[in-house]
Amino acid sequence: MAADCLFCRIAAGEIPSDQVHSDDLVVAFRDIAPRAPTHILILPREHIPSAASLTEEHGPLLGRIFAVIAETARKEGIADSGYRIVSNVGRWGGQTVDHLHFHLMGGRPFTWPPG
Ligand code: 5GP
Ligand code: ZN
């Protein structure tokens, strides 16, 4: 755990969140500033700065993350209508928290390409 990392501290329960999933590898909680009716962040407990740090060894972890995303989408009732999965990388990618996370957004239509 990185002591100065917001999402490490949320994953550890040091900072409260509206959690929707928790297991040994992955946590998911509602975004504090939702940009869609459903806006959930899914992240590994392990501190990984962004998708730019991923290697093939992270395969099982990523499998778990995407299984949690799919399960969460079903529970939220957005699976049939469709949804958006986003991971911002670096400044120009729009990343503001430097701990790998995936945005699960749904409940409204999205445009393409994103802004
Ligand atoms: P990024 O901009 O890095 O792609 O995504 C970071 C997300 O974290 C943003 O959508 C922002 O609203 C959310 N966020 C920032 N601080 C907090 C917090 O303290 N709690 C929760 N639940 N979400 C946060
Ligand atoms: Zn972290």
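Keep in mind the model is a prediction, meaning the values are calculated, not measured.

Caption draft 1: Here's a closer look at the coordination of the zinc ion (ligand 2). The protein atoms that coordinate the zinc ion (ligand 2) are Cys5 (SG), Cys8 (SG), His47 (ND1) and His99 (ND1), at distances spanning 2.0 to 2.3 Å. Here the zinc ion (ligand 2) is ringed by four donor atoms whose angles at the metal span 107 to 116 degrees, and the overall shape comes out tetrahedral. Look at where the donors of the zinc ion (ligand 2) fall in the sequence and you get C-x2-C-x38-H-x51-H. Here the two residues cysteine 5 and cysteine 8 agree in accessibility, since each one is buried.

Caption draft 2: Seen up close, the site of ligand 1. Not every one of the 16 residues close to ligand 1 is listed here, only the nearest: Asp31, Asn88, Thr96, His101 and His103. Isoleucine 32 is positioned such that a nitrogen or oxygen atom in its backbone is 3.2 Å from a nitrogen atom of ligand 1. Within the backbone of glycine 94, an N or O atom sits 3.2 Å from an oxygen atom of ligand 1. Elements with a contribution of two residues or more to the shell around ligand 1: α1 (6-11) and β2 (26-30). Its residues assigned to classes, the shell around ligand 1 shows eight nonpolar, six polar and two charged.

Caption draft 3: Broad picture of the nonpolar core. In terms of nonpolar packing, the biggest core is built from 14 residues, with Val26, Ile42, Ile65, Ile69 and Leu104 touching the most fellow members. Among the elements that line this core, the one with the most residues is helix α2 (residues 59-76), at five residues. Beyond its immediate stretch of four places on either side in the chain, isoleucine 69 contacts Ile42, Tyr83, Ile85, Phe102 and Leu104. In terms of nonpolar packing, the next biggest core, distinct from the first, is built from 11 residues, Ala2, Cys5, Cys8 and Leu41 among them.

Caption draft 4: Up close: the sheet that holds strand β5 (residues 102-106). One open sheet accounts for five strands, arranged β1-β2-β3-β5-β4; its pairing is antiparallel. The two strands at the open ends of the sheet, each matched to only one other strand, are β1 (19-22) and β4 (83-86). Within the sheet, the average angular offset between the axes of one strand and its neighbour, ignoring direction, is 15 degrees. In the sheet, β2 pairs with strand β3 (residues 38-44) via five bridges, with the strands oriented antiparallel. Along β3, the bridge assignment pairs alanine 28 with isoleucine 42. Strands β1, β2, β3, β4 and β5 of the sheet are contacted by α2, whose axis makes an angle of about 160 degrees with β3.

Caption draft 5: Examining the environment of aspartate 80 more closely. Here aspartate 80 lies in the loop between α2 and β4. For aspartate 80, a relative accessible area of 81% puts it in the exposed group. In the structure, aspartate 80 is positioned 11 residues away from arginine 91 in sequence and 33 Å away in space, judged by C-alpha atoms.

Caption draft 6: Molecular detail of α2. Between its terminal C-alpha atoms α2 stretches 26 Å, which fits the 26 Å expected from 18 residues at 1.5 Å a residue. Burial in α2 covers these residues: Leu61, Ile65, Val68, Ile69, Thr72 and Ala73. End-on, the buried residues of α2 take up no more than an arc of 135 degrees, which puts them together on one face. Residues of α2 that are exposed and point over 90 degrees away from its buried face: Pro60 and Arg74.

Conventions adopted
- Residues numbered from 1 in each chain as written.
- Chains lettered and ligands numbered in written order.
- Predicted model: local features only at pLDDT ≥ 70, side-chain atom pairs only at ≥ 80, totals over all residues.
- Heavy atoms only, no water.
- Donors = N, O, S within 2.8 Å, 3.2 Å for Na, K, Ca; no water.
- Tetrahedral: all angles 85-135°; square planar, octahedral: opposite > 155°, others 65-115°.
- Buried < 20%, exposed > 50% of the residue type's maximum accessible area, 1.4 Å probe, protein only.
- Near = heavy atom within 4 Å.
- Polar contact = N/O pair within 3.5 Å; in protein donor to acceptor, adjacent residues only side chain to side chain.
- Helix = DSSP H or I, 4+ residues; strand = E, 2+ residues; numbered from the N terminus.
- Nonpolar A, V, L, I, M, F, W, Y, C, P; charged D, E, K, R; others polar.
- Core = buried A, V, L, I, M, F, W, Y, C linked by side-chain atoms within 4.5 Å.
- Contact = heavy atoms within 4.5 Å.
- Pairing = 2+ DSSP bridges.
- Axes fitted to C-alpha atoms, helices over the stretch in contact; angles between N-to-C directions.
- Expected span 1.5 Å × (residues − 1).
- Arc of directions from axis to C-beta.

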